[in-house]
Each structure stands twice: as structure tokens, then as C-alpha cells.
Amino acid sequence: MHNFDFVKPATIADAVKALSAEGAQALSGGQTLTPTLKQRLAAPSVLVSLTGIAEMKGVCMGDDGLSIGAATTHATVAKEAAAHYPALAKLAGGIGDPAVRNRGTIGGSIANNDPAACYPAGVLGSGATVVTNRRKIAADDYFQGLFTTALEEGEIVTGVTFPIPQKAAYVKFNQPASRFALTGVFVAKFADGVRVAVTGASNDGVFRWTEAEKALSANFSASAVAGLTVSADGLIGDLHGTPAYRANLIKVLTKRAVEAAH
Amino acid sequence: MPKDYGIGASSKRREDVRFLSGRGVYTDDVALHGQTYAVFVRSNVAHGRIRKIDTAAAAGMPGVLAIFTGEDFKDVGGNPAGWLINSRDGTPMREPKRPVLAHGKVRHVGDAYAAVIAETYQQAKDAAQQLADDSDIEELPAIVDMRKAVADASNRVHDEIPDNICFDWGWIEDNRAAVDAAFKSAPHITTLELVNNRLVPNAMEPRASIGEYNPGTGDYKLTTTSQNPHLTRLLVAAFVLGIPENKLTVVAPDVGGGFGSKIYHYGEEALVLAAAKKLGRPVRWTAERTESFLTDAHGRDHVTKIELASTKDGEILAIRTETLANVGAYLSNFSTATPTFLHGTLMAGPYKVPHVYVNVKTVFTNTAPVDAYRGAGRPEATFSIERIVDKMCRELNLDPFEVRRKNLIQPDQFPYTTPVGLVYDTGNYQATLDKLIELADVAGFDKRAAASKAKGKLRGMGLSTWIEACGIAPSNLVGVLGSRVGLYDAATVRVNATGNISVMTGAHSHGQGHETVFAQIVAEKLGIPESSVEIVHGDTSKIPFGMGSYGSRSLAVCGSAMNRAVDKIIAKGKKIAAHMLEAAEGDITFADGKFSVAGPTRPRPSGKSPSAPMSRITTRWRRWSRGWRRRPSTIPPTSPIPPGPISARSRWTPKPARSTSPPSPAQTISAM
């Protein structure tokens, strides 16, 4: 690890100000950034912790749906969202292990947009709205590829607002060492249609499986996707699974998610 | 009823109190006044010629105290191989020097060619990066594939070794013609080519070492992650740095797993000692996980062609193997024993195979050194044999259970001499197989498979037998077979003045639970509570010279030494008890922790027969020796037991088993 300065502001305004410094880097739960620093793969001059900002924490049910502060840990979401959005709470409770869940945050996860992370599937699959210090961004516009988002320089995620679907479920095939999704599928059924978001599978990060959405919107049952095929083009191939293997997983996990949805 | 005390009791491990409460002391936990930090500069190419290492910029960086390169160690010794193997033609194996730091060439990714010592870890890390940037290493074609390494003599891991072969070993060479003849006349031959993949041991605690030097006394101290501190001391003193053995203490404190990889001496240990002397300050190093993966001795890595000759009904007539065994870039301490005597000698398995011939060529490659890892050579043998027995069953459409039953050595054939030099002393393999068939409900398998199939799932059944040679020893035979060290072990049992016991062992615990199990042995034999027995291990200044823990030898070899040392304590105690109880030494018996007089004795006012517990024996003896007892004159002036607390040491090496049949051409090895 290289040397850096560390600041822990108490307000979003102070955080934004601190992040304007040369070489500043936002730090939330640090589940990706800290190992990167330890490997000397990143050398920020200032780390701006976002975990001391009260207005960025907590789970709150409102008229727009379920609002979760960006600095809320996975463990808190697993506990406090359970009554409002059980599928999302279950997703949060299945991330990593207890140590990860007690440090990692929803804002950190979606700002990083790891292609195998669970939260991007939940946010995109729910059609949630990402709230920043400057604007509100629809999930469909927010995720823009591998580790890439719509966030601009100096812009930080402050929260996420989830509409509550009629039924939903997230099913992932664990990478057993990290419990990242080797492939994970989030299915959500709304009054106006079904959304299916896939993580862990594509070289471009989380994406929507629109053919399945169409089929499931007409008939919300596992058999609706039986006739569909997923192309292996552009899917991740590594020592854990080939693109074809992941293509098959997408279909299998979608079926399971539909069956598990409640 | 399971025992709740002594040998065989399933007690909670006493060492876990400190481990589970975070109070273990591992090498990296040791903090010393004035300590400095070493960081190694490692090759990021598999094979390269070192053209230039410019240390100037790194040396001028903040906190940097010293920089070492291979040039600094070119005149000291290399880290040696501990086992000499001769090739089939009688020539000795090729032993390239394994230097403290690479000199001239780097030979594997992770090969350290320089080290930086600085005031802080970060400063050392920064300077090491600078040094890497300032080093000019010409990349050479990497030699990775063993077959290509042997075939292409133009590219060499060590310039002085023409074919990249360390040795070409035949076991047993005198049997080769008979084995070939058996294959020529065999009704059926099965052939199988196998890769037994390389692996990284990856102990939970990475390797770590701290060197200290006291200029006032000339004493060195090495605190390190070792399975055998005395062996490390011997290697550092006698072979690598030439430090007098009496001026070097090696301490292996709590060690978090070894699996073989911490048997061996590594260059980092020599470096921290040399650097500590140069600076007059402690020098410490702890491997990062990446360094562990790159530089801990790896395991396995065999490419094998195995052939099996049989009758059409599955009777095994002969086994023949050709193996290429990767030793990596340098010979690690036991790398030459692992694919040979720990492998070839097991190549008959538990079967009555009349003819076996094993050929092993060990090959240098641009990969991390390979050495003994969990089972070491023996699992590779089992894997080869069992895979080919199964293949033979498939080829001949035979039942794998019945083929094994037919070929297993019969209970009345023990002791059984195999054609690969071992004597199996005892066994009843058929009974084990019967029990297995019963426990696994083999008869019900078809039903279970059908039930699984109905659910769209597949169910299979595999069968494997194996025989394992454990407790690596005895010294005289391993010596004959090429070991450059004896494989004995030692224990000292000291009865402290107040009657409790300290046991100093040559074995080293790095997860095995010795502190619990060894205490059980001593406690049961002496009839005292286990809590009265302390096990001391891992510090060469405290323990007798023993060979450490690997090859499942701690209990078999060191436990036996301990057993004998306790017997000596009892024998000494009898002499003292004889005086205390006013009886002849031959009339004293020891049972349940008490010395008593056998046979009729003079009636005592209490009506109890006279006896003395171990604690009283030692307490009295101590008092006698200091003249506290009322009748000090009862100490016999000619007593063979000197006054003071009694202690005893025993060194043990197993004896070879006796064979009833004529010995094979090679020495027979038993109880390895």
C-alpha cells in the first residue's frame, strides 16, 4: 500500500468538496478498493470515506418505493429491507460472507459495477433509480459496461430507490471461493411487465435478457423460457466456466428465479 | 466406553486455547526492538540472464539500510539436496548450486535475485520496486514442458546440465529384464498415460523469518516457519552460511500449517541472518500470499506412462511405469527422495504383483522447485495403480471389487515382500474390503442409481485401495538408500523438582496437536494428570537434536523415543523407590503412577502396603540431595542416580521388519 491521506466527512457537501482534491478517491465499504490498494494497484493521494455521512445511511419505505442510502451495508439491507422487498433483502444477505456484508455498501457496489457483483442485477432488474449528489439516473441508463457507469467526475451515489414488484427473486450460481456470481439472475414481475437482469455472465457487465422479459410478461412461468436460447457471444469465459456454460446457466437460473419468485 | 484420559482419549486440544483466543505466537507476531524489514526482488520471467542490477537509486531511497544481490553470496554455499540418488548407469545425480539469491541467471518466476533492507516495510517495498525497474534481465525461452526439456538439449535450466535431467532412476534395475519378459508373454496389457498435476501447498500462515545477531556474543538467532528447526539449523550452519552450529539458535514458534512446504530450508532464511549480521539489527521478512504461491516448494507434477500385464480374468502379472517427475528449477531438500523412494517403493500397492519395474527421470524446468507435499510420491503411486486397475477392469469387462479381492495379498502371506523392496509386516485386506462393501452398501447401489436417475441426476461409484508407508525412517536403511541425514528422533523427559514433567521433543507441531497427544502418552505411562505434562518443541536451544515432523513420523518415531525416555524415568524411579521403601530394586513395581513393593512386606501400622507416587519420589530425591531429610545417610554413596530431579533422554529409530522370504536385491525397507 502506498501512503495516502484519509478524510471522513460528515455531510455530502463536505465529501464532494474533499473529492475535488487532486488524486482524491471515494471509499465506501472498501471491499474492492482496499485489496486494490494493498496490491499497490491504486495510489490515490486522498481517500474520502463516505461511511460517516448520516444522510447516506438507512433503509426507508416511502411513496416512491424503498429508498436505501448509498452507505448502507449489505447486512443492514438484508435485515431492514426484508419486510418491504424480500428478494432484494435476500440478495443482500447472500453477498460474500458476514465480514463482507458488514463492511460493503450498496453505493460502493454499484459505483464499482463489478461484472460479477449481485447488486447491479437487483438494481437493473428492479428498474430502480440511482440518486446522486447531482441528479437521479434510471438504472437502464446507469450501468454502461464493465466497471463503467453514468457517474461523472465528482459525482457520488447517495442512494437508490427501488419500486416494489409484485413478485421477485434473485438466484445466483456461486463462485465458491468469493461467492461472487459465476452467473446470477434477478427476475421482477411488475404490473406492467417483467424485468430480467443478468450478472456475472457478460463481458459488458450486467444486462437485461429482453427475450425472457417478453416471454415472461406474457406467461410468468418457468416453461415460458424453455424454448429460448441464450447466445454465448460476448459472455465471459474463464477457468470457472466457458461462455456456453454461462449461457446455459442464464437460462437455468432464470427458470429457478421465476419458480422462486414471491 | 471411550476413554476420557490418556492414550486414545478424544480430548479437546490444549493448544487450541491459545489459537482460538488469538494468543498464538507466530513468527510474524514477534516484534523486536530495532527491527528492520526485508523485501525480495523477484524475477517476473521464468528464465533470464541477469545483465545488470543497478542498486544506486534504490540505495539512496528513504530508509534503505542495505541491498543484497546474488553477487554477495556467490562465495558461500548452496542449499543442498538431502538425498543422493544414482542413475541407472551408476552415475550420481546432478546437483546444481541453489544460491541464497539468484546469480547469473533467474530460473523461475519468483526466483529472488536481490533483497532490500529498510527501516519500514513500505520503504523496503518502494526501494524493491525501484531496484526491479533498474535491473536488466534478458529473457530466455522458458523450459516448462518436461518432455520438451528432455528432448531439446539446446535450452538448459542450468548451463552445466546438458539434458535438463537430474537423474534417470530404475527401481529395481535388476528386475527390469524379468518384468519385460512378463509383459512379452502376458495375455493382456493395459496402458495408461497420466498427468498428476502440480499444486501449491498454501499453508494458512505464509512463510516468515526473522534473523538476529548479537555482536557482543557472536550468536545468531533465526525465528522461522519450520517443521524441523534442527534440520534448518544444520543446513544453514553446515552448508549455506558456515555459521558454527553452536552459535546459531533456530526457533520455530507456533507454525500455521506446513503440509511439507515448511520442511525445507529456503534462501530467505539465510538472507535475514546475513543481513542481521551486516546491520547488527534484527531483519524480518514475511511472505505475501503471492510470494507463497510462487516460491513455496510445490507438490506432485508427474507425467506417467503406466502399463499393467494381466491374465484375461484380471490377475495382475506385472506393472511397469515410466515417469517424468518435475523438480523445478533447483533441487529442494527432499525433492530427489519424493519421486523415488517415496514413490517407486509403493508401486506394488496392496497387491501380490510378481513383477514391478519403475523408471523415474527427474527433470529440471523453469518452474518453482517441487518437493514433498502431503503423502509425497505415495499418492502419485496410488493414483497410477488404481487408475490402471480400473481401466483393466473396463477393458476386460470385470468387476472392480472382485479383481481387487483376487489380487490383494492374502492374510496368510504376511510378512510379504514386494518386488519393489518393501516388507509389509501384517494385514488383512480382504476383511477391510468386506467391511467396505458392507458399509458402502454396494449391493444397494443399483437401486440408488435408479432413484437418482428418476430425478434426472447421475450417481456413480468409485473404488480405490491404497497402502501408505508412514513414519519416515529407519536411519540405517534410509542411509543406505541415499539419505544424507539419519531419520531418527529424540525426546527428553525431565521430572521437575515438584514432580511435574517437562518433555522436550525433536518433533515439531504445526497443527498436529502434539501438545495434547504427547502429553497423553507421558501422562498415561506415569499415571499423572495430563495437565502436569508440558510439551516443549521448536527451539534448538531447548530440545534434543531430532529430525522434525513430516511423513507421518511424529508419533511413530518421536512418540516412540518419548515412550522409551519415560521407561528410563521409571527405571530410575525404581532405584530411588527401592531406597525409600527399604526394599530390593528388583521387588519394586510401578503401576497407576505408584511405586510399590511386590510380594509380602513387613506390616505397617496403617495396614496399607508401602508405596510411593512419582511426585513423592522426585520430591524426596531432591530433598535427599539437599540434605533436608532427617536421615540423609540413607542416600547410598554408590547410587548410580545422581542427586537432583531425574531426567532421561532417548533417541529412537525404527528397526527394519524381518522378512521370512529371501530379501530382494535392494535393501528391504519397512515401517518407513
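Computed from a predicted model, the values in this text were never measured in an experiment.

Trainee: So what's going on with the overall build of chain B? Residues and values would help.
Mentor: Scanning chain B for helices and strands turns up 16 helices and 24 strands. A compact globule built from 672 residues should have a C-alpha radius of gyration of about 26 Å, and chain B, at 29 Å, falls within 12% of that. If one aligns the C-alpha atoms of chain B with their principal axes, the spans along those axes are about 90 × 75 × 60 Å. For chain B, the residues scored as buried account for 47% of the 672 residues in total. Taking the contacts inside chain B whose residues are at least 6 apart along the sequence as the reference set, 78% of them involve residues at least 24 apart.

Trainee: Provide a residue-level description of unusual backbone geometry, including the pertinent values.
Mentor: The phi angle of most residues is negative, glycine excepted, and most peptide bonds adopt the trans form. All names here are of chain B. A cis geometry characterises the amide bond from W171 onward to I172, with omega recorded as 0°. In this structure, I172 sits in the loop between β7 (165-171) and α5 (176-184). With omega at -5°, the peptide bond leading from F414 into P415 counts as cis. Take P415: it is sitting in the loop between α10 (400-407) and β16 (416-417). Located in the positive-phi region is F259, a residue other than glycine, with phi close to 55°. In this structure, F259 sits in the loop between β11 (248-251) and α7 (267-279).

Trainee: Describe the domain arrangement of chain A, with residues and values.
Mentor: Residue and element names in this part refer to chain A. Taken domain by domain, chain A holds domain 1 (5-49), domain 2 (54-162) and domain 3 (167-260). A C-alpha centroid distance of 19 Å is found between domain 2 and domain 3. With 21 residues of domain 2 at the interface, the matching set in domain 3 holds 24 residues. At the level of elements, α4 (86-93) and α7 (119-126) are the ones that each hand at least two residues to the side of domain 2 that touches domain 3. By residue number, the principal contributor to the side of domain 2 that touches domain 3 is α7, which donates six residues. Of the residues in the side of domain 2 that touches domain 3, the class split is eleven nonpolar, eight polar and two charged.

Trainee: Now, about helix α6 (residues 229-240) of chain B: what can you tell me, with residues and values included?
Mentor: Residues and elements named next belong to chain B. Of all twelve residues in α6, nine are buried, a share of seventy percent or more. Every buried residue belonging to α6 is among P229, H230, L231, T232, R233, L234, L235, V236 and V240, and all of these are buried. On the buried face of α6, the contacting elements are β10 (219-224), β11 and α7. At the exit of α6 stands G242, carrying a positive phi of roughly 70°.

Trainee: Lay out the sheet that holds strand β9 (residues 167-174) of chain A with the relevant residues and their values.
Mentor: Read across the open sheet, the four strands follow the order β9-β10-β11-β12 (chain A); overall the sheet is antiparallel. Where the open sheet ends on each side, the last strands, each with one partner, are β9 and β12 (207-208) of chain A.

Trainee: Summarise the sheet that holds strand β22 (residues 594-597) of chain B; cite the residues concerned and give the values.
Mentor: All names here are of chain B. Strands sit in the order β21-β22-β23 across an open sheet of three strands; the sheet is antiparallel. Two strands lie at the open edges of the sheet, namely β21 (588-591) and β23 (611-613), each paired on one side alone. Along the sheet, successive strands turn relative to each other by an average axial angle of 25°, direction set aside. Pairing between β21 and β22: four bridges, direction antiparallel. Within the sheet, the bridge partner assigned to I588 lies in β22 and is V597.

Trainee: Before we move on, could you go through the packing of helix α14 (residues 514-526) of chain B against helix α15 (residues 554-580) of chain B and cite the residues and values that matter?
Mentor: The relative placement of two packed helices is expressed as an angle between their axes plus a distance between the axes. Residues and elements named next belong to chain B. Where α14 meets α15, the closest approach of the two axes is 10 Å, and the angle between their N-to-C directions is 30°. Two packed elements cross with a definite hand, and for α14 against α15 that hand is right-handed. For the pair formed by α14 and α15, the contact residues are H514, V517, F518, I521, V522, K525 and L526 on the first element and S554, L555, G559, M562, N563 and V566 on the second. Looking at the contact of α14 with α15, its residues break down into eight nonpolar, four polar and one charged.

Trainee: Now, about the packing of helix α9 (residues 378-396) of chain B against α10(B): what can you tell me, with residues and values included?
Mentor: Residues and elements named next belong to chain B. Two elements in contact, α9 and α10, have axes separated by 10 Å at closest approach and are oriented at 120°. Between α9 and α10, the angle falls in the class oblique. Viewed along their axes, α9 and α10 form a crossing whose handedness is right-handed. Within the contact between the two elements, α9 uses V389, D390 and C393 and α10 uses P400, V403 and R404.

Trainee: So what's going on with the pairing of β7(B)? Residues and values would help.
Mentor: Residue and element names in this part refer to chain B. Where burial is concerned, most of β7 is hidden: five out of the seven residues are buried. Here β7 runs beside strand β15 (residues 355-364); their pairing, made up of six bridges, is antiparallel. For D168, the partnering residue across the bridge sits in β15 and is K361.

Trainee: Quick one: what's the story with the domain arrangement of chain B, residue by residue and with numbers?
Mentor: All names here are of chain B. Assigned domains within chain B: domain 1 (27-142 + 202-295), domain 2 (166-195 + 304-321 + 337-454) and domain 3 (489-652). Placing a centre on the C-alpha atoms of domain 1 and another on those of domain 2 gives a separation of 40 Å. With 19 residues of domain 1 in contact, the opposing surface of domain 2 contributes 16 residues. The residue makeup of the side of domain 1 that touches domain 2, split by class, is nine nonpolar, seven polar and three charged.

Trainee: Run through the nonpolar core, naming residues and quoting values.
Mentor: Among the nonpolar cores identified, the biggest contains 159 residues, and A38(B), A115(B), V116(B), V522(B) and M562(B) are the most heavily contacted of them. Excluding residues within four positions of it along the chain, V522(B) makes contact with V493(B), I501(B), V503(B), V533(B), M562(B) and V566(B). Counting 78 residues, the second largest nonpolar core, distinct from the first, contains V130(A), I156(A), A168(A) and V198(A).

How each quantity is defined
Residues numbered from 1 in each chain as written. Chains lettered and ligands numbered in written order. Predicted model: local features only at pLDDT ≥ 70, side-chain atom pairs only at ≥ 80, totals over all residues. Helix = DSSP H or I, 4+ residues; strand = E, 2+ residues; numbered from the N terminus. Rg over C-alpha atoms; globule rule 2.2 N^0.38 Å. Buried ≥ 20, exposed ≤ 12 C-beta atoms within 10 Å, placed from the backbone. Contact = placed C-beta atoms within 7 Å. Domains from an automatic or database assignment. Nonpolar A, V, L, I, M, F, W, Y, C, P; charged D, E, K, R; others polar. Pairing = 2+ DSSP bridges. Axes fitted to C-alpha atoms, helices over the stretch in contact; angles between N-to-C directions. Left-handed = near helix turned anticlockwise from the far one by under 90°. Parallel < 35°, antiparallel > 145°, perpendicular 65-115°, else oblique. Core = buried A, V, L, I, M, F, W, Y, C linked by C-beta atoms within 7 Å.

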